[in-house]
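# Coordinate inspection notes
Residue strings, one per chain:
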Protein chains: 2
Amino acid sequence: MMARREIFRGFTNMLRGVRMHSGGIARKQFAKIEESDISTFRKLLGEKSVITNDDSLEFHNNDWMKQYRGNSKVVLKPKSTEEVSSILKHCNARKLAVVPQGGNTGLVGGSVPVFDEVVLSLSSMNKVLSLDEYSGVVECEAGCILQNLEEHLAKHGFVVPLDLGSRGSCQLGGNVSTNAGGLRLIRFGSLRASVLGIEAVMADGTVLDSLKTLRKDNTGYDIKQLFIVPRKLESVHLAMLGCNNFQQVLEAVAAAKFKLAEIVSAIEFFDQQCSDLVVRNLPGMSHVLETSSPFWVLVETTGSEDSHDSDKLYNFLNYCMEKQVVEGGTVAEGGTQMRKLWGMRENIPMALLKEEEVFKYDLSVPTSEMYNLVEIVRERLKERYPQAGVFGYGHLGDGNLHLNVTCPTADKEAVESILEPFVYEWTAEKRGSISAEHGIGQMKISKLYLSKPPELIALMRQIKGVFDPNGILNPYKVLLDE
Amino acid sequence: MMARREIFRGFTNMLRGVRMHSGGIARKQFAKIEESDISTFRKLLGEKSVITNDDSLEFHNNDWMKQYRGNSKVVLKPKSTEEVSSILKHCNARKLAVVPQGGNTGLVGGSVPVFDEVVLSLSSMNKVLSLDEYSGVVECEAGCILQNLEEHLAKHGFVVPLDLGSRGSCQLGGNVSTNAGGLRLIRFGSLRASVLGIEAVMADGTVLDSLKTLRKDNTGYDIKQLFIVPRKLESVHLAMLGCNNFQQVLEAVAAAKFKLAEIVSAIEFFDQQCSDLVVRNLPGMSHVLETSSPFWVLVETTGSEDSHDSDKLYNFLNYCMEKQVVEGGTVAEGGTQMRKLWGMRENIPMALLKEEEVFKYDLSVPTSEMYNLVEIVRERLKERYPQAGVFGYGHLGDGNLHLNVTCPTADKEAVESILEPFVYEWTAEKRGSISAEHGIGQMKISKLYLSKPPELIALMRQIKGVFDPNGILNPYKVLLDE
């Protein structure tokens, strides 16, 4: 599977000496787009692929959470690698800044322009090109939507080794370039390990072709990557367990890793605050069980033999009940109930967006300490900001906590000052990561130093320079200037 | 798990204008080691860690196959990151070239000096530092021997997500720096995806610390890596199947991926020529079965519930018999028989070394065409060199073919001229890789262009320059000068 040219997203610098606060970023000395550039683009791509009307620009200038807003005057929708190359050749020569854009589902403002960068949208390169059913190798364009690929593969008995809540809009190019994590990481590992090859276009228009259809290749640096799709297995089971405290959650996870071992495909958790919010904010949603529980754990299994898998699942549940690790729960019977259980977990981000303000943190924390942060933050806000909500959910298989804090707009700045830099510093102190899977983008640009030592940041900057000497690709993201 | 400083192995250039043939490489203008350097090293590391006597140097100057020989005058065995840093600081300032060395089990001459480079051996940094039994995160030094780590983990119910024939001598630093493949790739994926963090020392002595104990971190380029060990599962089964032709082999593999799915842990094959050679060349080895078969396939399963796994295995075997995919075979009963079956596969490299001359190729080829090359080469040699032997074995799960050709010393050059560049060109034509898992080292330095486009090689050279501006680390390997 290839992700055309998106690997460069985020390889960028910011203007020297600019203040870190997002309000204070200054435009760098890139050229400004002129009528002659638009004519050139029209000649290169044809009329329809060059978008300049305000309504269409609106979507591409804004991220889906409406947190970041750019002011681009032109969106380009190339239909081939050659067109991408011709665009970049022109932009690099003219010193026009460019922001590559996939499904625009990012959470850190990485895929929208900051000023007037040319938006290079991959959405017209959306085809699945080939599938080798023998080896499970699939080739697709960078703009291919995850769910479309999933549906295409399902017909042939395969699955994408990645699943995300945003599957209906996110694109493979963005998934690969950001090494998207998501719900199945515990089973299939980091997406990067499944990518087999990439055809990429450099900032100057050079096409790098490292498409390979082979699983192993140790002939150089990891510029190309490996990607293979696994067989779709028909036996899927899902259980939702209620726990009284986070220690029980931890023990349930340990038991699942041992008793369900090779068939575990996801282990997720959310607190009761999350499920209450989903029911309150989203029409048509109701609680799965009548009882409430401070913590809910979803355990999904996927295997090749249904009777074996139910045996294992019931053994696991019995073990949990005997050891008093869980207080209650349910096993989904059939697809409808399964969708209802998953719906509770997957609708949490949507329910949070209905609140006036929401602060989102995506942290890796040692699993045993994951929930401590939620409780500490709750404690810190409780007295002075009783209207603030503190929500914890995430991927237990890999210690990825999504901490979300909501509040009325009136309290926004005060609450922010309590949250930051506290949350980032607490995480850094635990040797955690301040961006487990969302990336840095604009949002966390001034926080990078909390996850990376300065020597490493210096190297990142130099490597960025190798790929993009003029710094035209996705400026103002990830790296501050020295 | 961390691999200290070995990530830079192979990030090197060769002298500008030097001829490609290995006999023609000229020493670059590095400094020569002087008595004062030796005194400095003794001060930095203590007497015992500075080795200058000829007998001890001999091991470090030669690779295990006796194909590559260097002429280093000093081997350094640091015991800490600080000592590694102090060595490199001195060597970089003095412009002394350095070759890092792990277990020296490589197959392409990557870990031995070419001229008089300082050998920096990691073998005194061999400790397992910690294991978090809850998350499965293990931390060890770069010189830790794979088998020692395996034994340490087994006591706690975990396994290393990697297994290699050279497990008794190879070191984790080398495994990680070369992204070693081996026997379990089909189950655990590329080693790279399991590495969690690396503490590395740059060419100038700067220590880069990206040790993390978290599974996800998307805050920058992939300089650090992720590494987690999975739970050790107790139910292991092994079957050896005989096939009449390679088409049957392919169908057996497809059936295993579908019928055994989540419990497959290895799929290997070797031809009858290989098993005959093992029996002929190695004392104490005998054929596993009385019948002979042109092809043998080893299928190993690993799971959490023995009765489920035997059910699946027997279903798979019945399916293969019914579909006439296999002609016969055996299922190992107990550890002794299992070791005997694995022994047949794992002793092939050793049996090959007993021949007068052996040409070794490690290729990734689309699985369906894997064996064609073996047959073509056999055909090309048959008439004029009847004493030449052509052997095919490898990892079916990922299309990795080990093609080996043996011959009497008298025929060496003539046979080589038939094999090369033919084998590399045939592989490149199939869009394969000329080094699936062995790397480039000295051996394939002039063949890199067959697997990588020139733009990519140019990028590799620039990235090497970022990490090692003076080019002191492992010169004369991987990259030719422009």
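Refer to the structure above for everything that follows.
Anyway, here's the lowdown on the structure attached to this text. Small disclaimer: the values here were computed from a predicted structure and weren't measured.

Moving on, we get to the overall build of chain A. For chain A, the helix and strand inventory stands at 15 helices and 15 strands. Taking all 482 residues of chain A together, the buried fraction comes to 62%. Relative to all contacts within chain A whose residues are 6 or more apart in sequence, the contacts with residues 24 or more apart total 73%. Surface exposure of chain A reaches about 18,200 Å², of which carbon and sulfur atoms provide 48%.

Our focus in this paragraph is the pattern of salt bridges. All names here are of chain A. Within the structure shown, the criterion is met by 28 salt bridges over all chains. With its nearest N and O atoms 3.0 Å apart, the salt bridge here joins K430 to E369. With a gap of 61 residues between them, K430 in the loop between α14 (422-429) and α15 (454-467) and E369 in the loop between β13 (357-364) and α12 (370-382) connect regions that are remote in the sequence.

Turning our attention to the packing of α12 of chain A against α14 of chain A. Residues and elements named next belong to chain A. Orientation of α12 relative to α14, taken along the N-to-C sense of each, is 150°, at an axis distance of 12 Å. Classified by the interaxial angle, the pair formed by α12 and α14 is roughly antiparallel. Here α12 and α14 pass one another in a crossing that is right-handed. Residue-level inspection shows N372, L373, I376, V377 and R380 of α12 in contact with α14, the latter providing F422, V423, W426 and T427. For the contact of α12 with α14, the per-class residue count stands at six nonpolar, two polar and one charged.

Here we take up unusual backbone geometry. Residues E420 of chain A and P421 of chain A are joined by a peptide bond in cis, for which omega reads 5°. For P421 of chain A, the position within the fold is in the loop between α13 (412-419) and α14. Positive phi is not limited to glycine here, since K95 of chain B has a value of about 55°. Mapped onto the fold, K95 of chain B is located in the loop between α3 (81-94) and β3 (98-101). Assessed through its relative accessible area of 41%, K95 of chain B is described here as partly exposed.

Here the focus is the side chain of E268 of chain A. All names here are of chain A. Within the fold, E268 resides in strand β10 (residues 264-271). Residue classification places E268 among the buried positions, given a relative accessible area of 1%. Here H395 takes part through its side chain, which lies 2.6 Å from a polar atom of the side chain of E268. Look past the residues within four positions of E268 in its chain and what remains in contact with it is L183, W296, V297, L298, W342, R345, G394, H395 and L396.

Attention now moves to the sheet that holds strand β1 (residues 50-51) of chain A. Sheet architecture is open: four strands sit in the order β1-β2-β4-β3 (chain A), paired in mixed fashion. Since the sheet does not close on itself, it has two edges, and those belong to β1 and β3 (98-101) of chain A, each with one partner.

All right, on to the environment of G197 of chain A then. All names here are of chain A. In this structure, G197 sits in the loop between α6 (185-188) and β7 (199-201). Assessed through its relative accessible area of 0%, G197 is described here as buried. For the pair G197 and E139, spaced 58 residues apart in sequence, the C-alpha to C-alpha distance is 9.0 Å.

It is worth spelling out the side chain of E83 of chain B at this point. All names here are of chain B. One can find E83 in helix α3. One buried charged residue, E83, remains without a salt bridge, the closest side chain of opposite sign being K79 at 4.0 Å. When neighbours within four sequence positions are excluded, E83 is seen to be in contact with L44, L45 and P78.

Residues and elements named next belong to chain A. Residues D37, I38, F41 and L45 constitute the buried set of helix α1 (residues 35-45). All buried residues of α1 fall inside an arc of 100° around its axis, so they share one side. When the buried face of α1 is taken as reference, the exposed residues oriented beyond 90 degrees from it are E35 and K43. Directly after α1, the chain includes G46, whose backbone phi takes a positive value near 90°.

All names here are of chain A. Residues of helix α2 (residues 54-61) that are buried: L57, H60 and N61. Down the axis of α2, the smallest arc covering the buried residues is 95°, so these residues share one side. Turned more than 90 degrees away from the buried face of α2 sit D55 and F59, all of them exposed. The secondary structure elements touched by the buried residues of α2 are β1, β2 (75-76), β3 and β4 (118-121).

Here we come to the packing of aromatic side chains. Enumeration over the complete set of coordinates arrives at 16 aromatic pairs over all chains. An angle of 80° between the planes, with centres 4.6 Å apart, marks the rings of F295 of chain B and Y371 of chain B as edge-to-face. In this pair, F295 of chain B sits in strand β11 (residues 295-303) while Y371 of chain B sits in helix α12 (residues 370-382), placing the two residues 76 residues apart along the sequence. Taken as a pair, F295 of chain B and Y371 of chain B share a single burial class, namely buried. Counting every residue linked through ring pairs, the aromatic cluster contains F246, F269, F295 and Y371 of chain A. One residue, R380 of chain A, lies across the ring of F422 of chain A, its end atom 3.8 Å from the ring centre.

Further remarks concern the sheet that holds strand β11 (residues 295-303) of chain A. Residues and elements named next belong to chain A. Pairing in this open sheet of seven strands is antiparallel, and the strands run β12-β9-β11-β10-β14-β15-β13 from one edge to the other. In this open sheet, the two strands that pair with only one neighbour each are β12 (328-331) and β13. Here the average twist between neighbouring strands, direction ignored, is 15°. As defined by bridge partners, β10 adjoins strand β14 (residues 389-395) across three bridges and the pair is classed as antiparallel. Considered in β14, the bridge of F270 is made with Y393. In this fold helix α7 (residues 246-259) packs onto β9 (235-243), β10 and β11, with an angle of close to 175° to the strand it touches most, β10. Each of β13 and β15 (400-407) is contacted by α13, which is oriented at about 15° to β13, the strand it contacts most.

What follows covers the packing of α12 of chain B against helix α13 (residues 412-419) of chain B. All names here are of chain B. Where α12 meets α13, the closest approach of the two axes is 10 Å, and the angle between their N-to-C directions is 135°. By the angle class used here, α12 and α13 are oblique. Crossing geometry of α12 relative to α13 is assigned as right-handed. Contacts between α12 and α13 involve V377, R380 and L381 from the first element and V415, I418 and L419 from the second.

Cut-offs used in this document
- Residues numbered from 1 in each chain as written.
- Chains lettered and ligands numbered in written order.
- Predicted model: local features only at pLDDT ≥ 70, side-chain atom pairs only at ≥ 80, totals over all residues.
- Heavy atoms only, no water.
- Helix = DSSP H or I, 4+ residues; strand = E, 2+ residues; numbered from the N terminus.
- Buried < 20%, exposed > 50% of the residue type's maximum accessible area, 1.4 Å probe, protein only.
- Contact = heavy atoms within 4.5 Å.
- Areas by Shrake-Rupley, 256 points an atom, 1.4 Å probe, with all protein chains shown as cover.
- Salt bridge = Lys/Arg side-chain N within 4 Å of Asp/Glu carboxyl O.
- Axes fitted to C-alpha atoms, helices over the stretch in contact; angles between N-to-C directions.
- Parallel < 35°, antiparallel > 145°, perpendicular 65-115°, else oblique.
- Left-handed = near helix turned anticlockwise from the far one by under 90°.
- Nonpolar A, V, L, I, M, F, W, Y, C, P; charged D, E, K, R; others polar.
- Polar contact = N/O pair within 3.5 Å; in protein donor to acceptor, adjacent residues only side chain to side chain.
- Pairing = 2+ DSSP bridges.
- Lys, Arg positive; Asp, Glu negative; His and termini not counted.
- Arc of directions from axis to C-beta.
- Phe/Tyr/Trp six-rings, centres within 6.5 Å; stacked < 30°, edge-to-face > 60°.
- Lys NZ or Arg CZ within 6 Å of the ring centre and 35° of its normal.

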